[in-house]
Amino acid sequence: MKAQIIVPAFNESQIIFKVLTSLPKKLKGISDIETILVNDGSQDDTLEQAEKAKVQTVSHVINRGLGAAIKTGIEWAKSKNTDIAITFDSDGQHDSADIPKIIKALITQKADLVIGSRFLKKQKIPLDKLLINKFANLATFLMFGVKSSDSQSGMRAFSKEAIKLIDFKGERMDFSSEILYEAKRNNLRIVEVPIKAIYTPYSRGKGQKHLNAIPILIRFLVRFLR
Amino acid sequence: MITSIQLVLALFIIFAISRAYLRFREKVITSAVFMLWSVVWLTALIVVLSPPTTSKMANFLGIGRGVDFVLYVSLAILFYLVFRLYVMIEDLRHEITYLVRQIALQNPSKKPKRRRRT
């Protein structure tokens, strides 16, 4: 069974080497595991750091947003006939020890999309992050009819079927909710697994900005009306 | 009797129609878009040359004054055009991303040597 860990990155030179070297090189039940860094038009030496970590990279010549970078990673996984694709944030917010957990859920629970949820277990989460994520979950439910405890999570696992069928258009932060909608539209099984959230001053500064919610809502409305 | 402002506006509208026709002839805009702009500008021409028309329309629709009718219709058209522009910009953004993605996927870094199997 082949797996790809997709790491989208934009100007993450400070932390990317540490994140990439923390990722598993082998996993039980997976015969071939590869990390693909999607460099989203970084202006710093993110790419050099990734090459130093000896991972496969593809580069956007200009910055196109997180959603666009994830989709490029998914397209890469598709072209490699990958069985499982995992998305993993590059800002150090995730714990690589959670990767086996989401893969296990994908296999044992016969899921097509596994969401690593930061809110399923009790842990220290900054209030502003908690509120903005709750709002995003509510908006995802109201607009797409999909319930999720963490619609904006960056850690997900896709089955081969999900890699093939999920086709999202959102290029910035709006893609997260769209992935859930696409899974629902294609009758794919969604499972959530609790994961650890690591909030450092660095990852907090890099995460979803609060004011992003407004343009995201406008974009969704325009997509509905067009 | 045509006033000077009517003359200026009428000349401007004729100029605008001629521009739209030229863009259509150059195949920059489609026949449907040309028709749309022709209808918009010809309506404006009628309104300019015969202002009481707007009052008749305003009365018919229950709006107080003719000038209010013109304002409401203009606003609605402007909002719609802004919406179309927004959609067009979104489409362009998607097309740029598609190109950027294809370039990225066609030029991956050389495969790193450290790649293990279990």
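All names here are of chain A. With respect to the helices and strands, the residue N133 is situated in helix α5 (residues 127–144). What makes N133 buried here is its relative accessible area of 6%. At 2.7 Å, the side chain of N133 forms a polar contact with the backbone oxygen of K129. Beyond its immediate sequence surroundings of up to four residues, N133 is in contact with R118, F119, D150 and Q152.

Quick look at the packing of helix α3 (residues 66–79) of chain A against helix α4 (residues 66–106) of chain B now. Look at α3(A) against α4(B): their axes get within 10 Å of each other, and the N-to-C directions meet at 45°. When the axes of α3(A) and α4(B) are compared, the pair comes out oblique. Where α3(A) crosses over α4(B), the handedness of that crossing is right-handed. Facing A:A68, A:K71, A:T72, A:E75 and A:W76 of α3(A), the residues of α4(B) in contact are B:T97, B:R101, B:A104 and B:L105.

We now examine the sheet that holds strand β4 (residues 84–87) of chain A. Residues and elements named next belong to chain A. Read from one edge to the other, the open sheet built from seven strands follows the order β3-β2-β1-β4-β6-β5-β7, with strand pairing classed as mixed. Unpaired on one side and paired on the other, β3 (56–60) and β7 (190–194) mark the two borders of the sheet. Taking each pair of neighbouring strands and ignoring which way they run, the sheet shows an average axis angle of 20°. Together, β1 (2–9), β4, β5 (113–117), β6 (156–158) and β7 form the strand contacts of helix α4 (residues 99–108), whose direction differs from that of β4 by roughly 140°.

Rules of the game
Residues numbered from 1 in each chain as written. Chains lettered and ligands numbered in written order. Predicted model: local features only at pLDDT ≥ 70, side-chain atom pairs only at ≥ 80, totals over all residues. Heavy atoms only, no water. Helix = DSSP H or I, 4+ residues; strand = E, 2+ residues; numbered from the N terminus. Buried < 20%, exposed > 50% of the residue type's maximum accessible area, 1.4 Å probe, protein only. Polar contact = N/O pair within 3.5 Å; in protein donor to acceptor, adjacent residues only side chain to side chain. Contact = heavy atoms within 4.5 Å. Axes fitted to C-alpha atoms, helices over the stretch in contact; angles between N-to-C directions. Parallel < 35°, antiparallel > 145°, perpendicular 65-115°, else oblique. Left-handed = near helix turned anticlockwise from the far one by under 90°. Pairing = 2+ DSSP bridges.

Note that every value here comes from positions in space, so none of it alone points to a role or purpose.
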